[in-house]
Amino acid sequence: MTKEKQLNVVAFTIEGRLPNNDHMFSCLGKLVNLELRRLTRSEAKKFYRYITPRQCAKYDRVLVDIPFKYMFNNVKKIRKIQNIIFLNEDLCQNYIEGSKWFGRFSKFYASLPQCRILASGYTHTQTLKAEGIDACFVGKAFDETLILNQELERDIEYAFVGRINSNAYSERKAMLSEVSKHINLETPRANPGAEYNALLNRIVFFVSADVGLGEYMIKNFEALAAGCLLCAFRQGEEDTVIGFKDMENALLYSNSAELIEKINTVSSDLNLKKSIRRAGTVLAASYNYHSMSVKLFDAISRCFVQVKPSGVFGKIKGFLDV
């Protein structure tokens, strides 16, 4: 047995999860002794029934990949689980004032005596740390066995594929509406998997608009992997950490006027257009499930950090009475 395989991990996920992350766990299973437990959605709401405090001694880590909405009201039970690590791709909801989960992630994590958060956004990870919570940045990831460039003829010049009809995405919707005044921006839909990949392979410019979210959603990296030329709304420090380079592997913009100007520039220079698309595809490889499994291994292998919740998050007595 290799040294890496000496880490014993039990992971909980849900059946029918979208996107499906079976390949990610398969890759992680090559690095650790992994016991994967898939729960139905009703079982996931009380997943603590499937891992007692006594059973925790069998595992070095308990990895939880279950929607936050299923855990929030069960904090009393969950806080008894030792060595628990949460894989969180929705942490941005904690910092969006229009979200029903605004501030609730922080309160939940701060109420646990020991836990680690594996977050998909760098800036939000740093904020959690400042709040006194043990957090690691692992980034977003996609399934490279499903999302790939099929080298097909592309017949949709400008498009965005994703959610816009919720309070959390109100700023995204407003930006896309502004952009659509200048270009023929389409917003097609597709089922997950092959149909979604086929749609991405029809798009030339994928116009992303993660406005107000504080991090890049997974669709940015899926679009890059499928060979689209990504147009992404700037996220500040996140850009450098992710590896986005304006006019080199993506078009970065702060407003619709800047985006339209850059689209026109690229459209008039076919060599530049090909170069950006090619570099974007190379960058995407750093955000597939294989790459993420290595980041996950590093993040879960570290010793837990003993932290003390700061500010309002330290006042948890009332919260534990939920």
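Residues numbered from 1 in each chain as written. Predicted model: local features only at pLDDT ≥ 70, side-chain atom pairs only at ≥ 80, totals over all residues. Heavy atoms only, no water.

## Things to note about the sheet that holds strand β10 (residues 251-253)
Thinking step 1. Overall, parallel pairing links the four strands, which are arranged β7-β8-β9-β10 in an open sheet. The open sheet has two free edges, formed respectively by β7 (156-159) and β10, since each of these has just one partner strand. When the angles between neighbouring strand axes are averaged without regard to direction, this sheet yields 15°.
Thinking step 2. Packed onto the sheet, helix α10 (residues 256-267) meets β7, β8 (203-207), β9 (229-233) and β10 and runs at close to 160° relative to β10. (Pairing = 2+ DSSP bridges. Helix = DSSP H or I, 4+ residues; strand = E, 2+ residues; numbered from the N terminus. Axes fitted to C-alpha atoms, helices over the stretch in contact; angles between N-to-C directions. Contact = heavy atoms within 4.5 Å.)

## Section: the sheet that holds strand β5 (residues 115-119)
Thinking step 1. Read from one edge to the other, the open sheet built from six strands follows the order β2-β1-β3-β4-β5-β6, with strand pairing classed as parallel. Edge strands, defined here as strands with exactly one partner in the open sheet, are β2 (33-39) and β6 (135-137). Along the sheet, successive strands turn relative to each other by an average axial angle of 20°, direction set aside.
Thinking step 2. Running over the sheet, helix α5 (residues 122-130) touches β5 and β6 and is turned about 165° from β6.
Thinking step 3. Lying over the sheet, helix α12 (residues 289-301) contacts β1 (8-14), β3 (61-64), β4 (84-88), β5 and β6, oriented at roughly 160° with respect to β5.

## Quick notes on the packing of aromatic side chains
Thinking step 1. According to the stated counting rule, one finds 18 aromatic pairs in the structure shown.
Thinking step 2. Between F72 and W101, the aromatic rings sit 6.0 Å apart at their centres with planes inclined by 70°, giving edge-to-face as the arrangement. With F72 in the loop between β3 and α3 (75-78) and W101 in the loop between β4 and α4 (104-110), this pair connects stretches of sequence that are 29 residues apart.
Thinking step 3. F72 gets classed as buried once you look at its relative accessible area, which sits at 5%.
Thinking step 4. Classification of W101 as buried rests on a relative accessible area of 16%. (Phe/Tyr/Trp six-rings, centres within 6.5 Å; stacked < 30°, edge-to-face > 60°. Buried < 20%, exposed > 50% of the residue type's maximum accessible area, 1.4 Å probe, protein only.)

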